[in-house]
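Below are the chains, spelled out letter by letter.
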Amino acid sequence: MCNPEEAALLRLEEVFSATLARVNSLVLQPLLPAAPEPSDPWGRECLRLLQQLHKSSQQLWEVTEESLHSLQERLRYPDSTGLESLLLLRGADRVLQAHIEYIESYTSCMVVQAFQKAAKRRSEYWRGQRKALRQLLSGVSSEGSVGALLGQALHQPLAHHVQQYVLLLLSLGDTIGEHHPTRELVVNAVTLFGNLQSFMKQELDQAVATQALWHTLRGRLRGHNVHTFDLKLVWVDPGQDGCTFHLLTPEEEFSFCAKDSQGQAVWQWKVTWAVHQALRGKKDFPVLGAGLEPSQPPACRCAEYTFQAEGRLCQATYEGEWCRGRPHGKGTLKWPDGRNHVGNFCQGLEHGFGIRLLPQASEDKFDCYKCHWREGSMCGYGICEYSTDEVYKGYFQEGLRHGFGVLESGPQAPQPFRYTGHWERGQRSGYGIEEDGDRGERYIGMWQAGQRHGPGVMVTQAGVCYQGTFQADKTVGPGILLSEDDSLYEGTFTRDLTLMGKGKVTFPNGFTLEGSFGSGAGRGLHTQGVLDTAALPPDPSSTCKRQLGVGAFPVESRWQGVYSPFRDFVCAGCPRDLQEALLGFDVQSSRELRRSQDYLCCERTHPEDSVGSMEDILEELLQHREPKALQLYLRKALSNSLHPLGKLLRTLMLTFQATYAGVGANKHLQELAQEEVKQHAQELWAAYRGLLRVALERKGQAVEEDEDTETRDLQVHGLVLPLMLPSFYSELFTLYLLLHEREDSFYSQGIANLSLFPDTQLLEFLDVQKHLWPLKDLTLTSNQRYSLVRDKCFLSATECLQKIMTTVDPREKLEVLERTYGEIEGTVSRVLGREYKLPMDDLLPLLIYVVSRARIQHLGAEIHLIRDMMDPNHTGGLYDFLLTALESCYEHIQKEDMRLHRLPGHWHSRELW
């Protein structure tokens, strides 16, 4: 059964629906111009708000129609359709939201005086519509302005409609019992629409006050720009004097000053509620003074905004996290010209890891910067892939390459190159290595302002080496040139290292040619001078002393751009936020990103993913300070490229390979390389000591005193060098092989000749005293004896010595040599049946025998590497003595090729085998 109030609600909805349709056709549609949108910003903003009002009106009409339909169904089928089917009751919140949307759209138009501006634009039309407008209004004078009449026409029907809602719903509530199942729905609807009445009044009062405020501001502002801010990006900041509060927005800060603290409280309350509603995504209507206090909106939010003010962010759209009006946290910036930046922000500036894409003129080409940023500029480690296919990996400062970095051309570049070295303010400066793939050259030396400048060494694929001085990318003054056959030229050159001017050539046979050199088109090299053929051939070992670059580039200053970031990181106390900026990251290449067209979703490997935070690293370091534990800790740290020590080692390996691998594998660079390896070991130990100091300081423990030189050298050579030498060994040992290739070839020939001797004849040939021979059964025939002792004399010592090739650690190689000596002495003692200490006269021939049978390849390179890399504290000790003895054996075997030619030829070929 239906109540009369339901029939009254039906008539109310019918009238209101018809009124909305009439208002739409009579008022709203004419307010929207059919011509192009206004050119001035204020006019465009008014138009946007009128369009929003038209949309809200349409939504309100649709909800009213749906409510009307539910009332019609209820009256048509009262027995089968309950009271709860009415949209006003079951969907009161939805009806309410439609009203709120309309009210807020309407009051926004009031504030910017959109009705007055629209009326002025078509004044003649609206004067003719006064009569029609008056018919929409009741109790309103028609003497006001057209704009005011338009405002009344859009507001009065709604106000009357909501008032009637409340009255009819109250009457409906009186007709049903307290325990009726729909009573709660009716009470809720009465409360909501009653509050809506109060909300409408406050919104209108607020709009009038804001309109007056805006009117006074427009007279003080320059121009006529209008800027609308999303309430999600408005922060309310209370003032200090009780009458002022501030609004923070992405581009501007506004200060509002009220006449008294009460006025300030009202305004601040209203704005805070508006912000709170925007963040909730749901609009409600709190009533000022009703006891409701808005919760403080969060300082950090997520939203999208397009910047309008002039500057680097003009027209850029930022989407991401904000804090107090500034991008703060993770977000994405997109410019209209196609630039993109995704990463971390701090107080409005790029800060932390970020990826920026800069489109280039050619289609599908862009520069991709994957880097760390500080206060809006690239700072720290970065990887930049350019549209030219060049790639830079290294450090930045204030947006420019600065510090250590590697710049490499694309694989298909017509003139391939690779620069590994130091940068200053975006240019190559300091010590660096450049490889010119097109010319087949490698330059090792100093740079200034992007050009070779200062001392430098040039190495070519043909094995030619040049050392001299460069200025503005050209050779100046005298220099020296070493060719593959060990010819030496001292004089002046052209840029392509052609002999030009006065100079002197020293040939491998000792001859010299001194005079003037030159070249002409098609004539080759020509000279005029004096040829001296009287000199004796130089000692081949003297060519080993021709080492380039050692005096020109002090080892401690070569790679400061690599060491410095780590020192600065440690001196700063190893801050966690700089960990990735120092250690780098692993990311997809831009080519992979291009294929997926997903430029800005780039996962990277953070140092903490593999080694934990700096706190964990330092804590683990404190737990591994005992010698054996420290060795295990350093081995683990150096093997992990995302540990500070491991990253430093990897970078040093990169510089070493860039200098000495490939074209740089030249024997005249051996000393340059070996002193570099020792310097790296010292720097790694210093880095460990720095980390230890930071760990102790964080725990409040006493910092260890600085080490003396002897203690430091002991740790460097005994602990660090063995752990890091394998990383450099391949390139380093290659240089030793090349440098000692000639003497090793004589040694190999000597080994081949000595291998033809049976054991007994070799022992006899080497003048080993027969009572030291390990032969037990002397009654056997000569042939039987040969077959039994062949390859068995001093076999344990021979096998022991062969282990010298199984390690790269100089100390372990010396320990192998010591054990070999012990095996020789132990064998002799067993033969003699008593303890026996071998004198040098007896040891040397026995050691020669063992070395010849061990057949160690490149023994000369091994001996010299051990000598150069061994602990200086061993000089003059047992290890030094044993190494000297091994050197004597090596030199002796080299000469055996000559001695065998003077031996009597009484051996039968059968006996040799």
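Refer to the structure printed above.
Calculation rules
- Residues numbered from 1 in each chain as written.
- Predicted model: local features only at pLDDT ≥ 70, side-chain atom pairs only at ≥ 80, totals over all residues.
- Heavy atoms only, no water.
- Phe/Tyr/Trp six-rings, centres within 6.5 Å; stacked < 30°, edge-to-face > 60°.
- Helix = DSSP H or I, 4+ residues; strand = E, 2+ residues; numbered from the N terminus.
- Buried < 20%, exposed > 50% of the residue type's maximum accessible area, 1.4 Å probe, protein only.
- Lys NZ or Arg CZ within 6 Å of the ring centre and 35° of its normal.
- Disulfide = S-S within 2.5 Å.
- Patch = residues over 30% accessible without salt bridge, like charges linked within 9 Å, V, L, I, M, F, W, Y side chains within 5 Å.
- Areas by Shrake-Rupley, 256 points an atom, 1.4 Å probe, with all protein chains shown as cover.
- Salt bridge = Lys/Arg side-chain N within 4 Å of Asp/Glu carboxyl O.
- Axes fitted to C-alpha atoms, helices over the stretch in contact; angles between N-to-C directions.
- Parallel < 35°, antiparallel > 145°, perpendicular 65-115°, else oblique.
- Contact = heavy atoms within 4.5 Å.
- Nonpolar A, V, L, I, M, F, W, Y, C, P; charged D, E, K, R; others polar.
- Core = buried A, V, L, I, M, F, W, Y, C linked by side-chain atoms within 4.5 Å.

## Notes on the packing of aromatic side chains
Inference 1: The final tally for this structure, using the stated rule, is 31 aromatic pairs.
Inference 2: Ring geometry for Tyr466 against Phe493: centres 4.8 Å apart, planes inclined by 80°, an arrangement best described as edge-to-face. Of this pair, Tyr466 sits in strand E17 (residues 465-471) while Phe493 sits in strand E19 (residues 488-493); the two residues are 27 residues apart in sequence, bridging distant segments of the chain. Like Phe493, Tyr466 is buried.
Inference 3: Among the aromatic residues, those joined into a ring-pair cluster are Tyr392, Phe396, Tyr419, Trp423, Tyr443, Trp447, Tyr466, Phe470, Tyr489, Phe493 and Phe517.
Inference 4: Across the ring face of Tyr443, the terminal group of Arg452 is positioned such that the distance to the ring centre comes to 5.4 Å.
Inference 5: Of note, Lys647 hangs over the ring of Tyr381, and the distance from its end group to the ring centre comes to 4.6 Å.

## Examining the state of the cysteines
Inference 1: As enumerated under the stated definition, the model contains zero disulfides in all.
Inference 2: Just so you know, Cys257 is unpaired, no disulfide at all, and the nearest cysteine sulfur is the one on Cys243, 6.1 Å from it.

## Looking at a nonpolar patch on the surface
Inference 1: Together, Met840, Leu878 and Phe881 make up a nonpolar patch on the protein surface, roughly 260 Å² of accessible area in all.
Inference 2: Within the secondary structure, Phe881 is located in helix H28 (residues 878-900).
Inference 3: On the basis of relative accessibility, which here comes to 37%, the residue Phe881 falls in the partly exposed class.

## Side note on the packing of helix H24 (residues 795-802) against helix H25 (residues 810-832)
Inference 1: Relative orientation of the contacting elements H24 and H25 amounts to 175°, with a least axis distance of 8 Å. The orientation of H24 with respect to H25, classified from their angle, is roughly antiparallel. Two secondary-structure elements touch here, H24 through Ser796, Ala797, Cys800 and Leu801 and H25 through Val816, Leu817, Arg819, Thr820, Glu823, Ile824 and Thr827.
Inference 2: Tallied by class, the residues present in the contact of H24 with H25 amount to six nonpolar, three polar and two charged.

## Side note on the environment of Phe254
Inference 1: On the secondary structure map, Phe254 appears in strand E3 (residues 253-257).
Inference 2: Taking C-alpha positions, Phe254 is 9.8 Å from Val236, a pair spaced 18 residues apart along the chain.

## Notes on the nonpolar core
Inference 1: With 73 residues, the main nonpolar core has Leu634, Val677 and Met724 as its most contacted residues.
Inference 2: For Met724, the residues in contact, after removing those within four places along its chain, are Leu649, Val677, His680, Ala681 and Leu684.

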